[in-house]
Amino acid sequence: MKLELRGITKRFGALVANDHINLTVEAGEIHALLGENGAGKSTLMNVLYGLYRAEEGEILLDDVVQHFSGPGDAMAAGIGMVHQHFMLIPVFTVAENVMLGHEETGFGGHLDLPAARRRVTEISARFGFDVDPDALVEDLPRRRATARRDHQGPLP
Ligand SMILES: Nc1ncnc2c1ncn2[C@@H]1O[C@H](COP(=O)(O)OP(=O)(O)OP(=O)(O)O)[C@@H](O)[C@H]1O
Ligand SMILES: [Mg+2]
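(A) The arrangement of the nonpolar core in detail. I8, I21, L44, V47, L48, A54, I59, F68 and A74 form the largest nonpolar core, which has nine residues in total. If one sorts the elements of this core by residue count, helix α1 (residues 41–48) sits on top with three residues. Not counting chain neighbours up to four residues away, the residues in contact with L44 comprise I8, N18 and I21. Counting residues in each nonpolar core, the second largest holds five residues, with A95, M99, A116 and V120 among its members.

(B) Spotlight on the environment of F92. Mapped onto the elements, F92 comes out in the loop between α2 (71–76) and α3 (94–99). In this structure F92 comes out as partly exposed when scored by C-beta crowding, with 15 C-beta atoms within 10 Å. Residue contacts for F92: discarding those within four places in its chain leaves N97 and V137.

(C) Geometry of the sheet that holds strand β2 (residues 15–25). Reading across from one edge, β2-β1-β3-β4 is the order of the four strands in this open sheet, with antiparallel pairing throughout. At either end of the open sheet lies a strand with only one pairing partner, and these are β2 and β4 (64–66). When strand polarity is set aside, the average angle formed by the axes of neighbouring strands in this sheet is 30°. Summarising the sheet, strand β1 (residues 3–12) and strand β3 (residues 56–61) pair through five bridges and their orientation is antiparallel. Note on β3: the bridge partner recorded for E4 is L60.

Cut-offs applied
- Here the residue numbering is sequential within each chain, running from 1 through the sequence in written order.
- Going through the entries in the order they are written, you letter the chains from A and number the ligands from 1.
- Where totals are concerned, whole chains, interfaces and linings use all residues; where local detail is concerned, this predicted model gives features only for residues with pLDDT of at least 70, and gives and counts side-chain atom pairs only at 80 or more.
- In plain words, the nonpolar core is the set of buried Ala, Val, Leu, Ile, Met, Phe, Trp, Tyr and Cys residues that C-beta atoms within 7 Å link up.
- Field definition: a residue is buried when 20 or more other C-beta atoms are found within 10 Å of its C-beta, exposed when 12 or fewer are, and partly exposed for counts in between, with C-beta atoms placed from the backbone.
- What counts as a helix is a DSSP run of H or I of at least four residues, what counts as a strand is a run of E of at least two, and both are numbered from the N terminus.
- A residue pair is marked as a contact if its C-beta atoms, positioned from the backbone, fall within 7 Å.
- Note: two strands are recorded as paired if DSSP finds a minimum of 2 bridges between them.
- Helix axes use the C-alpha atoms of the stretch in contact, all axes being lines fitted to C-alpha atoms, and the angles between their N-to-C directions lie in the range 0 to 180 degrees.

Rendered as structure tokens:
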């Protein structure tokens, strides 16, 4: 799949985070986006992922203009994102976090939590993880260095 960003401009009030950005990624290519803190890398990726809507510019996949109104649309078009910043809800369980955004409901519109728990167990087994679907995310071990690096720049 070929990806093209044309003239993407994203502003936060008076701040221009992305100023007419052009980027073409041909099928099979791997690119690194380099820039100092605050350069606008995450903002550009969030535009591509449908989290932000750009004020100007367009996104094309295989030369077809896309209109993403949210991450669901981006995912449906084949775009995935590993976020720099922690995006889980700490007071929810693993299963509750996994079902967020595509909740299955059962009888009477109740959330089908058992289905989400089964899904977590399946995914864990497939990728060789040992994740308890009922653990609260805030209780899971995290690499503290990663959390610090997000907020305080590169580690020495
Ligand atoms: N939601 C927001 N509201 C207001 N300003 C924002 C928002 N998100 C980002 N910004 C600002 O936009 C600019 C670009 O930020 P962005 O997070 O895209 O930079 P980055 O290149 O990803 O930086 P880093 O290397 O620190 O991850 C910064 O000045 C930032 O403060
Ligand atoms: Mg960033």
